[in-house]
Amino acid sequence: MYLVTFQFAFTSFFQQRGGGDALSPDQNKPHLRWCSSEFHKLLKKIQGIPPLADYLQLELTVVYNVCLCSTAQSQFSEAELLLTQATERVLQMTGDAPVASDPPVFWRTVINSVGDTALNPCVLYLLCLQWAIWLSTCQLKIIQECQLFSVFETLSTGVWDEGRSELREKSSDIPLLVMDPRRLIELLQICTIIAQGAESLSEGRSSEALSGLQTASSLPAPRTLIAYTHLLSGSCLAHMSCPQMALQCYRKALETDSRCVCALYQSMLIYRQLGNTQAEIQGLRLLHSTLMLPFATEPALADTRLLSPSLLLRSQSLSSLLSVPSALSVLHNLALKCVHHGRVSDGVEYYLDLLAVLHSEDQHGVHAEGPPLPSLPELYLQAGAALLMARRPADCMALCDEVITTTLELLPEKVVLAEPEEKCEAETRALCAEGDDRVAMLLWAGAAYLLQGHCHTQLKDWKQAVTHYTRCFNLLVKARFKKGSNADMVGKQGTDLCILQKLKGLSLAGRGISFTQTDQLREALRDLQLSMQAFPECVSAGLWCGEVLWRLGRRWEAAACWEKTWSFTPQFSVESLSVYLQEPQSGPLLDSSELRRRIQELGPPLSA
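Bear in mind the structure is a predicted one, so any value in this text is a computation, not a measurement.

Scoring rules and cut-offs
- Residues numbered from 1 in each chain as written.
- Predicted model: local features only at pLDDT ≥ 70, side-chain atom pairs only at ≥ 80, totals over all residues.
- Heavy atoms only, no water.
- Helix = DSSP H or I, 4+ residues; strand = E, 2+ residues; numbered from the N terminus.
- Buried < 20%, exposed > 50% of the residue type's maximum accessible area, 1.4 Å probe, protein only.
- Contact = heavy atoms within 4.5 Å.
- Areas by Shrake-Rupley, 256 points an atom, 1.4 Å probe, with all protein chains shown as cover.
- 1 Å grid on protein atoms, 1.4 Å probe; cavity = no way out; pocket = protein on both sides within 12 Å on 5 of 7 lines; lining within 4 Å.
- Points joined across faces, edges and corners; volume = space filled by probe spheres on them.
- Phe/Tyr/Trp six-rings, centres within 6.5 Å; stacked < 30°, edge-to-face > 60°.
- Lys NZ or Arg CZ within 6 Å of the ring centre and 35° of its normal.
- Axes fitted to C-alpha atoms, helices over the stretch in contact; angles between N-to-C directions.
- Parallel < 35°, antiparallel > 145°, perpendicular 65-115°, else oblique.
- Left-handed = near helix turned anticlockwise from the far one by under 90°.
- Nonpolar A, V, L, I, M, F, W, Y, C, P; charged D, E, K, R; others polar.
- Salt bridge = Lys/Arg side-chain N within 4 Å of Asp/Glu carboxyl O.
- Core = buried A, V, L, I, M, F, W, Y, C linked by side-chain atoms within 4.5 Å.
- Expected span 1.5 Å × (residues − 1).

A. Examining the overall build of the chain more closely. Helix and strand counts for the chain stand at 30 helices and 2 strands. Looking at the chain as a whole, 50% of its 608 residues qualify as buried. Expressed as a percentage of contacts within the chain between residues at least 6 apart in sequence, the contacts between residues at least 24 apart total 69%. When the accessible surface of the chain is split by element, carbon and sulfur atoms take 51% of a total near 28,600 Å².

B. Empty space enclosed by the protein, seen in detail. Summed over all chains, the structure comprises 1 cavity of 30 Å³ or more. Size it by volume and the largest cavity reaches roughly 30 Å³.

C. Up close: the side chain of S206. Tracing the sequence through the fold places S206 in helix 12 (residues 206-216). Here S206 falls in the buried class, since its relative accessible area comes to 7%. Residues in contact with S206, not counting those within four places in the same chain, are S200, L201, C236, H239 and M240.

D. The arrangement of the environment of T569 in detail. Assignment of secondary structure puts T569 in the loop between helix 29 (555-567) and helix 30 (592-602). Assessed through its relative accessible area of 63%, T569 is described here as exposed. Considering only alpha carbons, one finds T569 and E537, 32 residues apart in sequence, at a separation of 8.0 Å.

E. View of the packing of aromatic side chains. All told, the structure shown has 3 aromatic pairs when counted by the stated rule. The interplanar angle of 90° and the centroid separation of 6.0 Å between the aromatic rings of F106 and W107 together place this pair among those described as edge-to-face. As far as the burial class goes, F106 and W107 line up, both buried. Taking NZ or CZ as reference, R596 lies 3.8 Å from the ring centre of W566, over its face. We note R598 situated over the ring of W550; from NZ or CZ to the ring centre the distance is 5.3 Å.

F. Up close: the packing of helix 29 against helix 30. Where helix 29 contacts helix 30, the two axes come as close as 10 Å, and the packing angle between them is 135°. The angle between helix 29 and helix 30 places the two elements in the oblique class. Classified by chirality, the crossing of helix 30 by helix 29 is left-handed. Of helix 30, the residues touching helix 29 (which contributes R555, W556, A559, W562, E563 and W566) are S592, L595, R596, R598, I599 and L602. Considered class by class, the residues forming the contact of helix 29 with helix 30 number 7 nonpolar, 1 polar and 4 charged.

G. Summary view of the pattern of salt bridges. Scanning all chains against the criterion turns up 19 salt bridges. D346 is the salt-bridge partner of R285, the closest N and O atoms lying 3.1 Å from each other. Of this pair, R285 sits in helix 16 (residues 277-291) while D346 is found in helix 20 (residues 344-358), placing the two residues 61 residues apart along the sequence. D346 sits in the partly exposed class, given a relative accessible area of 29%. Its salt-bridge partner being R597, residue E594 comes within 2.4 Å of it at the nearest N-O pair. In this pair, E594 and R597 both sit in helix 30, 3 residues apart, roughly one turn of the helix. Note on R597: relative accessible area 35%, which makes it partly exposed. Members of the salt-bridge network, linked through shared partners, are E547, R551, E594, R597, R598 and E601.

H. Structural context of the nonpolar core. Counting 177 residues, the largest nonpolar core has L60, Y64, L188 and L231 as the members making the most contacts within it. Broken down by element, this core gets its largest block of residues, 14 residues, from helix 6 (residues 119-136). In contact with L188, other than residues within four places in its own chain, are C128, W131, A132, L135 and L312.

I. The environment of L450, seen in detail. Considering the arrangement of structural elements, one finds L450 in helix 23 (residues 429-458). For the pair L450 and T470, spaced 20 residues apart in sequence, the C-alpha to C-alpha distance is 8.9 Å. For L450, the contacting residues outside a window of four places in its chain are Y469, C472, L503, L506, S507 and Y580.

J. Seen up close, helix 13 (residues 223-239). For helix 13, spanning 17 residues, the distance from its first C-alpha to its last is 25 Å, which sits close to the expected 24 Å at 1.5 Å a residue. Taken from the residues just after helix 13, S241 is the one with a positive phi, measuring 60°.

K. The arrangement of helix 4 (residues 76-94) in detail. Its 19 residues place the ends of helix 4 27 Å apart at the C-alpha level, agreeing with the 27 Å of an ideal helix rising 1.5 Å per residue. Looking one or two places after helix 4, you find G95, whose phi comes out positive at around 85°.

L. Representation of the environment of L177. Of note, L177 is situated in the loop between helix 10 (159-170) and helix 11 (181-202). Residues L177 and T61 lie 116 residues apart in sequence; the distance between their C-alpha atoms is 6.8 Å.

M. Quick peek at the packing of helix 27 (residues 521-534) against helix 28 (residues 539-551). With their axes 9 Å apart at the nearest point, helix 27 and helix 28 run at an angle of 145° to one another. The interaxial crossing formed by helix 27 with helix 28 has left-handed handedness. Facing L521, A524, L525, L528, Q529, S531 and M532 of helix 27, the residues of helix 28 in contact are A541, G542, W544, C545, V548, L549 and R551. Residue composition of the contact of helix 27 with helix 28, by class: 10 nonpolar, 3 polar and 1 charged.

What follows is the structure in structure tokens.
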């Protein structure tokens, strides 16, 4: 009677699945719950009688199926309780006393109690499931203590097949399993090595992790998991300062599974580390196009198995290693990289694509994991700066108008800038957030006016250029500081004060240069000197200040100003600056070689 009920549940289970292990848990969750319920009912009936040898094999097989269904539904506590009850009934039947709760000791006792009897394979089935539960709940230490790899070496020798064949000769009523334990153990082995490798890698034990991962790459397993062994091997080699060997591993990962997007991302990071900008840009392009494909939005470890790899690989260490930015974040990085490295026309197109997606209903990848995109006004300003570099001033001014319209009406009469250490005690975070928003809006509006001034400079409309640089400066002086001494904060890249000072310096420099074009030399000298005070690294301000001094007949002062400007060593790389905070490369420019020639012709100072 029990076997008939079992066969009914089992047959129904497989009819829904279409046979084999090709079950899609997401599509068949209701049916999986129903089958799990039927197996539970049968198990309760069997466990209502004493644990007799005639029925125990059937009982353990039903427990295997029930626990497998429960584990597939992430019901780990329930599955583990059933395993404990089943193994205790085995000990009860064999007459062995209950043992301590220490997992290695407990399972070793249970396996020894059944010896080489027909129950031995059944107990090993249950141990497989216990292994799956430990792996799913990231209990890697227990797996290592139990030495499960050596316990299941019998799988490769065919002992289980022989045991079940002998039983089938005696009885045709052998219970069936919803998943072949050999396939389960193969999955558990490679998933365990991957999880242990990720853990070792995160703890800095790269060489130890590499050895196991390289061995795992030859195990029978789905392509996705083999690709992960190559991927993590590459990460180990990257941590061991072997970038070229890491790239080879990432290439193997992609050859094994073209959907291994993380390998593309890690390859791009290696090229960035090596300073190979061309390869990095190509990698970003390929990564973005791959992330835009439909499959890229699906879980990387989605599988049609009853127990999918994604259920078994849940460790935070592995998730961190496999994380990839969103498609929009990659597109933004690609646009920035192109602008910073002379591919301005490409960068402009990427920025416009990015803004188009952000304004469309189909925002593919906007909510994906990874670092957030800059705010929309910030993106507008970056795109505007790129358009300016591409000599499209009208388009740049249109984007800046959008920023000004959005922010200007919201600005208060005064804005207070606080140093970072003053900000955001727990009880004042809401107020800090509001203050930060006001500061950000002030800086965005100021940067928009600055870019519009650059646009008019590019168009040689000096009157409008002066007007917009003045609007920028007048807006920025609304900012006030809590402390009197801010010298240290000016040099800290990325702080509000640092950005404010750069904007002031650039607006004054732009206005001063515009004055030189209309021969208003006194006004030009005033603004250029103030610019150098606000932003000492402003090369254009230093060179044009010298030019004005030269025109005013103060040639020795001009020469000293030029020499001082050339002696400055930039504190920050170009890429560390927001693209709209960089000095414009269009408009009136001075030839440094010509200025050096003037200094040489000037000769030594008269005092010498």
